[in-house]
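# Report on the structure
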Amino acid sequence: MTFLQVENLITRYQTSRGLVHALDDVSFSLEKGDSIGIAGESACGKSTLGLSLIRMIQGGKIVSGKIIFDGESILDLTESEFDKKYRWKKTSMIFQGAMNTLDPVYSIKQQFVEVLNQHNFEGDYERVILDAVHSVNLDENVLQKYPHELSGGMKQRIIIAMALLLKPKFVIADEPTTALDVLIQAQIVNLLKKLKKDGMSIMLITHDLGVLSELADKIGIMYAGKMIEYGTSHDIYKNPKHPYTQGLLESIPTLHGGKPKFIKGNPPDLVNPKQGCRFIDRCPEAMEKCKQDPPKFKTDSGYVMCWLYDDKV
Ligand code: SF4
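Given the structure is predicted, the values throughout are model-derived calculations rather than measurements.

Within helix α3 (residues 108–118), the full set of buried residues consists of Ile108, Gln111, Phe112, Val115 and Leu116. The buried residues of α3 occupy an angular sector of 145° when projected down its axis, which confines them to one face. Check the buried side of α3 and you find it contacts α4 (125–135) and α5 (152–164). Positioned one or two residues after α3, Asn120 has a phi angle of 50°, which is positive.

Structure below.
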């Protein structure tokens, strides 16, 4: 059963240089209990996609498109309806670098209480806080501590527990393992796997395709504001179609492989981007036709936006 449907989503930011086309015509869907990984290099629109799904775009706005969550069009709700029904209750977000935002002068418990107060929670505070702390495999003693008394891994678990406080069905995790050492990364990935096993749908946003392979059922590859390839994790890893996806996978270092390859050049400026494929200046297979915007060509499990697949897939 489809639980999240995103259709032709467009989000833009107004800046002093002009309108930034941060998210352009993004579409995908997610079945109940499925997890999706969103990958791509910096400033490709990954975080903007996550923020659009919880309607927290600062300095910009969702211009058009649809987000259907559990059968309801959430862009048609007023801000207060969305806040009351969805934010933190049905969907929440683990923000990028959030462990550094824990307030150093309040205990962890006080910070949990503040989240519950902010969301006008009316139930048993003790119970939900303990449930959240236990769900991330932390001991309740942690509640009396202050952030400086915790390791990086524990702080990240606290942030995840805060996102789980009101038991949402869908959690967006934006780079939850960045800046953690590899052992802590493995712990956090295992924790996300456990949450997924318990029935939660997760959107994992990362530039680390290795982390995604552990967790995602579906993968969306973002480039310059567009989701240029979308499909099952198996198809994206085993048979990547878009030259950018192929380049990303070839850039992962392997233990026994040769030297990783790199994609030359930089992504285009998203202030008034040119018409045509946005990867054209970096693509080894670019052709004349690529000066026109590529549509979505269907693949076995999703789509690819590349003229190479015109009439071929
Ligand atoms: Fe390369 Fe053309 Fe495909 Fe873009 S549409 S990725 S330029 S082949």
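To continue, consider the sheet that holds strand β9 (residues 218–223). Pairing is mixed in the open sheet, where eight strands are placed in the order β6-β7-β8-β3-β9-β10-β12-β11. Each edge of the open sheet is held by one strand with a lone partner, namely β6 (91–94) and β11 (297–298). Relative to strand β8 (residues 201–206), strand β3 (residues 36–39) is paired through four bridges, and the arrangement is parallel. By the bridge assignment, Ile36 is partnered in β8 with Met203. Where α5 meets the sheet, it contacts β6 and β7 (170–174), and its direction lies at approximately 165° from that of β6.

Another aspect to go through is the packing of aromatic side chains. The full count for this structure, using the stated rule, is 13 aromatic pairs. Both rings, one in Phe3 and one in Phe170, keep their centres 5.8 Å apart while their planes meet at 80°; by these two values the pair is edge-to-face. You can see Phe3 sitting in strand β1 (residues 2–15) and its partner Phe170 sitting in strand β7, a full 167 residues away along the chain. By the burial criterion, Phe3 is buried, and Phe170 matches it. An aromatic cluster is present here, built from Phe3, Phe69, Phe82, Tyr86 and Phe170 joined pairwise through their rings. We note Lys90 situated over the ring of Tyr86; from NZ or CZ to the ring centre the distance is 4.9 Å. The aromatic ring of Tyr303 is capped on one face by Lys296, whose charged end is 5.2 Å from the ring centroid.

Turning to the packing of α5 against helix α6 (residues 182–197), a few remarks are in order. Running from amino to carboxyl end, α5 crosses α6 at an angle of 20°, the nearest separation of the two axes being 10 Å. Classified by the angle between their axes, α5 and α6 sit roughly parallel to one another. The two elements α5 and α6 cross, and the hand of that crossing is right-handed. Facing α5, whose interface residues are Gly153, Gln156, Arg157, Ile160 and Leu164, α6 presents Ile184, Gln187, Ile188, Leu191 and Leu195. Residue classes in the contact of α5 with α6 are distributed as six nonpolar, three polar and one charged.

Below, the discussion takes up the environment of Val304. With respect to the helices and strands, the residue Val304 is situated in strand β12 (residues 303–304). Along the sequence, Val304 and Glu229 sit 75 residues apart, while their C-alpha atoms lie 4.3 Å from each other. Discounting residues that sit within four places of it in the chain, Val304 has contacts with Ile228, Glu229, Lys241, His242, Pro295, Lys296, Phe297, Thr299 and Tyr309.

One can describe the packing of α3 onto α4 by two numbers: an axis separation of 11 Å at closest approach and a directional angle of 115°. Regarding α3 and α4, the two cross each other, and that crossing is right-handed. Here Lys109, Phe112, Val113, Leu116 and Asn117 of α3 lie close against α4, whose contacting residues are Tyr125, Glu126, Val128, Ile129 and Val133. Considered class by class, the residues forming the contact of α3 with α4 number seven nonpolar, one polar and two charged.

Glancing now at the site of the ligand. Taken together, His242, Pro243, Cys277, Phe279, Ile280, Cys283, Glu285, Ala286, Cys290, Cys306, Trp307 and Leu308 are the residues near the ligand. Each residue belonging to the shell around the ligand can be placed in one class, and the counts come to 10 nonpolar, one polar and one charged.

Here we take up the layout of surface pockets. Approximately 510 Å³ is the volume attributed to the largest pocket. Trp88, Phe95, Thr101, Val115 and Met162 are, among the 20 residues lining the largest pocket, the residues nearest its centre. When contributions to the lining of the largest pocket are tallied by element, the ones reaching two or more residues are β6, α3 and α5. A per-element tally of the lining of the largest pocket places α3 first, with four residues. Looking at the lining of the largest pocket, its residues break down into 11 nonpolar, five polar and four charged.

Rules used throughout
Residue positions within a chain follow its written sequence, with the count starting from 1. In keeping with the predicted nature of the model, local features appear solely for residues at pLDDT of at least 70, side-chain atom pairs appear and are counted solely at 80 or more, and the whole-chain, interface and lining totals rest on all residues. Neither water nor hydrogens contribute to the side-chain values; these are computed over all heavy atoms in the structure. Three labels apply to residues, based on accessible area from a 1.4 Å probe with only protein chains included: buried if under 20% of the type maximum, exposed if over 50%, partly exposed otherwise in between. Under the DSSP-based scheme used, a helix requires at least four consecutive residues in state H or I and a strand at least two consecutive residues in state E, with every element numbered from the N terminus. Arc, as used here, means the arc of the directions from the helix axis to the C-beta atoms. Any pair of residues with heavy atoms lying within 4.5 Å of one another is described as a contacting pair. By the convention used here, strands pair only if DSSP detects at least 2 bridges between them. Lines fitted to C-alpha atoms define the axes here, with helix axes fitted over just the stretch in contact, and angles between the N-to-C directions of these axes take values from 0 to 180 degrees. Between the rings of Phe, Tyr and Trp (Trp by its six-membered ring), a pair exists once the centres lie within 6.5 Å; its type follows the angle of the planes, with under 30 degrees stacked, over 60 edge-to-face, and the other angles tilted. Criterion for a charge above a ring: Lys NZ or Arg CZ within 6 Å of the ring centre, and within 35 degrees of the ring normal. Oblique is the label for any angle not under 35 degrees, not over 145, and not in the 65 to 115 range, which are roughly parallel, roughly antiparallel and roughly perpendicular in turn. Helix crossings fall into two classes, left-handed where the near helix is turned counterclockwise from the far one by less than a right angle and right-handed where it is turned clockwise. Residues are grouped as follows: Ala, Val, Leu, Ile, Met, Phe, Trp, Tyr, Cys and Pro are nonpolar; Asp, Glu, Lys and Arg are charged; all remaining types, including Gly, are polar. Any residue with a heavy atom positioned within 4 Å of a molecule or strand is treated as near that molecule or strand. Using a 1 Å grid laid over the protein atoms alone, points where a 1.4 Å probe fits but cannot get out form a cavity; open sets with protein on both sides within 12 Å along at least 5 of 7 lines form a pocket; any residue with an atom within 4 Å of a point counts as lining. Grid points are joined across faces, edges and corners, and a volume is the space filled by probe spheres set on the points.

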